[in-house]
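Overview (structure and organization)
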Amino acid sequence: MTVLLYDHVLSPNCYKARLMARLAGVPLETVAVNAYPGREHLSEESLARNPAGTLPVLVDGDLILTETQAILVYLAQGSRWMGAAGPATAATVQGWLAFSARLTSSLGVARAHDMLRKPADIAAARSEGTLCLREIEARLVEQRLRGQGFLAGADPTIADVACFPHVALAPDGGVTLDPYPAIRLWMRAIRGLDGFIEMPGIHRRHDLTPEPQPAVTA
Amino acid sequence: MIPDAARHEWYPVAMLSELAPSFAQDTVLLGERLRISRDAPDLPIRITGPDGARCAVATRYGHLWTSPGGPKAGLFEIPEAAQPGRRFVDCGAVRVRCSPLRAVENFLDVAHFPFVHTDILGAEPHTEVERYDVQVREESDEVWATKVRFFQPMAARSAEGGIVTDYAYRVPTPTVALLYKTCPPRPEERDVIAIFVQPLAEDLCDVWPWMALFDDTTPQADLVQFQQMIFLQDRSILENQIPRLLPLDPGLETPTRADLTSVAYRRWLKKRGYTYGAQTVPA
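1. Quick notes on the overall build of chain B
Within chain B one finds 5 helices and 16 strands. Taking 2.2 N^0.38 as the reference for a compact globule, 283 residues should give roughly 19 Å; the C-alpha atoms of chain B span a radius of gyration of 19 Å, in line with that estimate. Overall, chain B is about 55 × 50 × 35 Å in size when its C-alpha atoms are taken along their principal axes. Residues classed as buried in chain B amount to 41% of the 283 residues present. Counting contacts in chain B only where the partners sit at least 6 residues apart, residues at least 24 apart contribute 60% of the total.

2. Side note on the packing of helix H1 (residues 12-24) of chain A against helix H6 (residues 158-168) of chain A
Residue and element names in this part refer to chain A. Running from N to C, H1 and H6 point in directions that differ by 140°, and their axes come no closer than 9 Å. It follows from the interaxial angle that H1 and H6 lie oblique. As for how H1 packs across H6, the hand of that crossing is right-handed. Between H1, through Pro-12, Tyr-15, Lys-16, Leu-19, Met-20 and Leu-23, and H6, the contact on the second element is made entirely by Ile-158, Val-161, Ala-162, Pro-165 and His-166. Looking at side-chain class alone, the contact of H1 with H6 contains 9 nonpolar, 1 polar and 1 charged residues.

3. With respect to the packing of helix H4 (residues 87-116) of chain A against helix H5 (residues 122-145) of chain A
Helix-helix packing is characterised by the crossing angle of the two axes and by the distance between the axes. All names here are of chain A. Relative orientation of the contacting elements H4 and H5 amounts to 135°, with a least axis distance of 8 Å. Considering their axes alone, H4 and H5 lie oblique with respect to each other. Where H4 crosses over H5, the handedness of that crossing is left-handed. Here H4 contributes Arg-102, Leu-103, Ser-106, Leu-107, Val-109, Ala-110 and His-113 to the contact with H5, which in turn contributes Ile-122, Ala-125, Arg-126, Glu-128, Gly-129 and Cys-132. Looking at the contact of H4 with H5, its residues break down into 7 nonpolar, 3 polar and 3 charged.

4. Let's talk about helix H7 (residues 181-191) of chain A
All names here are of chain A. Inspection of H7 places Ile-183, Trp-186 and Ile-190 among the buried residues, and these make up the whole buried set. Buried residues of H7, seen end-on, are gathered within an arc of 65° and therefore sit on one face of the element. In H7, those exposed residues whose orientation departs by more than 90 degrees from the buried face are Pro-181 and Arg-188. If you follow the buried residues of H7, they end up packed against H5 and H6.

5. Focus on unusual backbone geometry
Residue Pro-125 of chain B is reached from Glu-124 of chain B by a cis peptide bond, and omega for that bond is 5°. For Pro-125 of chain B, the position within the fold is in the loop between helix H3 (113-116) and strand S9 (133-137). Of note, the amide linkage connecting Ile-242 of chain B to Pro-243 of chain B takes the cis form, showing an omega dihedral of -5°. Mapped onto the fold, Pro-243 of chain B is located in the loop between helix H4 (220-238) and strand S15 (246-247). Residue Arg-117 of chain A is not a glycine yet carries a positive backbone phi of 65°. Relative to the helices and strands, Arg-117 of chain A is located in the loop between H4 and H5. Non-glycine residue Tyr-61 of chain B carries a positive phi angle of around 55°. Judged by the 23 C-beta atoms lying within 10 Å of it, Tyr-61 of chain B is buried.

6. Description of the interface of chain B and chain A
Across the boundary between the two partners, chain B contributes 25 residues, which contact 23 residues of chain A. Counting only elements with at least two residues in the side of chain B that touches chain A, the list comes to strand S8 (94-96) and H4 of chain B. Sort the elements by how many residues they give to the side of chain B that touches chain A and H4 of chain B lands first, with 11 residues.

7. A word on the sheet that holds strand S2 (residues 29-32) of chain A
Remark on secondary structure: sheet strands pair via backbone hydrogen bonds, oriented parallel or antiparallel. Residues and elements named next belong to chain A. The strand order S2-S1-S3-S4 describes an open sheet built from 4 strands, whose pairing is mixed. Of all strands in the sheet, those with a lone pairing partner are S2 and strand S4 (63-65), marking the two edges. Averaged over all adjacent pairs, the angle separating strand axes in this sheet is 20°, with direction ignored. Sheet topology note: the strand S1 (residues 4-7)/S2 ladder contains 4 bridges and is parallel. By the bridge assignment, Tyr-6 is partnered in S2 with Val-31. Contacting S1, S2 and strand S3 (57-60), H1 crosses the sheet at an angle of about 155° to S1.

Conventions and cut-offs
- Residues numbered from 1 in each chain as written.
- Chains lettered and ligands numbered in written order.
- Predicted model: local features only at pLDDT ≥ 70, side-chain atom pairs only at ≥ 80, totals over all residues.
- Helix = DSSP H or I, 4+ residues; strand = E, 2+ residues; numbered from the N terminus.
- Rg over C-alpha atoms; globule rule 2.2 N^0.38 Å.
- Buried ≥ 20, exposed ≤ 12 C-beta atoms within 10 Å, placed from the backbone.
- Contact = placed C-beta atoms within 7 Å.
- Axes fitted to C-alpha atoms, helices over the stretch in contact; angles between N-to-C directions.
- Parallel < 35°, antiparallel > 145°, perpendicular 65-115°, else oblique.
- Left-handed = near helix turned anticlockwise from the far one by under 90°.
- Nonpolar A, V, L, I, M, F, W, Y, C, P; charged D, E, K, R; others polar.
- Arc of directions from axis to C-beta.
- Pairing = 2+ DSSP bridges.

Shown next, in the form of structure tokens:
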């Protein structure tokens, strides 16, 4: 049975699902939904699938998932992407999944305003987004002092996948990442993961692609 | 103060499919507020400037066009838009914090494909831009680049595998650029892809991509998203270009042969006195 993802290429939440599937090695078939400018995510057919009218939506047989965090859990279940065993890590991961919703409603709103002309209180969205970035920066600095490079441990988990896209796209909404060195190192590590894929606005690391020319040998 | 040369050009200000049968809404063009309205479904669309004066209106190529100072000539022609069998794809506006002229210049550039549109419009090590022709066509006063050839891993949504794509570029008015490229399913024809740029300010614009393709199979949503993906990859680059305004005079930059179209575009703007969004005094 094919796992279907109703998808929009510009949506950071849809990208989370595509990225997670690729990182966890789950084959996924995407169905493009013309959410912008076509507003197809609000069509009768889309609303029948997801009354909230949001994307992404994952369909696997009879199972329909409409919440991004739930989709990440589904794609990563049983893999190392759920984090190390034990209640503390599991709860930490859940905490960051919940936190990711704050990124959507701050940095995500600022981006939709600046890029797709969606009305918003832009000053409030940027200011809340900046507070979120400071929290992540502080967490990542503490993690580094413990010798751990990711939000919920030494290895990346769904928590990192849930937070990474809106953070990386913050400049799209007029919020700079310049003051956050730990965030930049963390993004670099995520972009270097095996199976990493891009979305528009999040570029791959060209230093990881093979050299364009063979090395000169003496 | 809007330079005269800018006031008499045509600009896109809305996508026709987004306009209700009757409506009234505001938009910004060249820093001035415009009112767009249609009082009843069977009445024509009306556009008025800040002083209440009526502006020219044209409804073509899926978009609403105006010229705040009165146009010098009719809206430019895209003959392919009248060709039977083409599919027209509106992609919606993307707002970019950059000079409208930089948005056009980036659209004319081929050399960035392998680095910004990696594995789609270009791929390392195929980075060389071969020699191509550039001219300002005197009869139409348009910038044209022809015989542009480039290796592309996934040239269009309808392409299967890598092909060497032939391109031609055309700038009919300072904030509109079109490209004609190899059409994978119809080798005798060319796909038309355009960006219609609405300058809001000298460093802020809405870019309306639009396509006229021969493609009977790809769902509309996939076509729109392919083009949005490409343009959004450009957006973060455009927002970080320095200086923000497009320099029209040779200065610290050293153009290469691959930049011939850009050089011709900047000279053409300068000759027309089109300085809105341009850096007129060398830094």
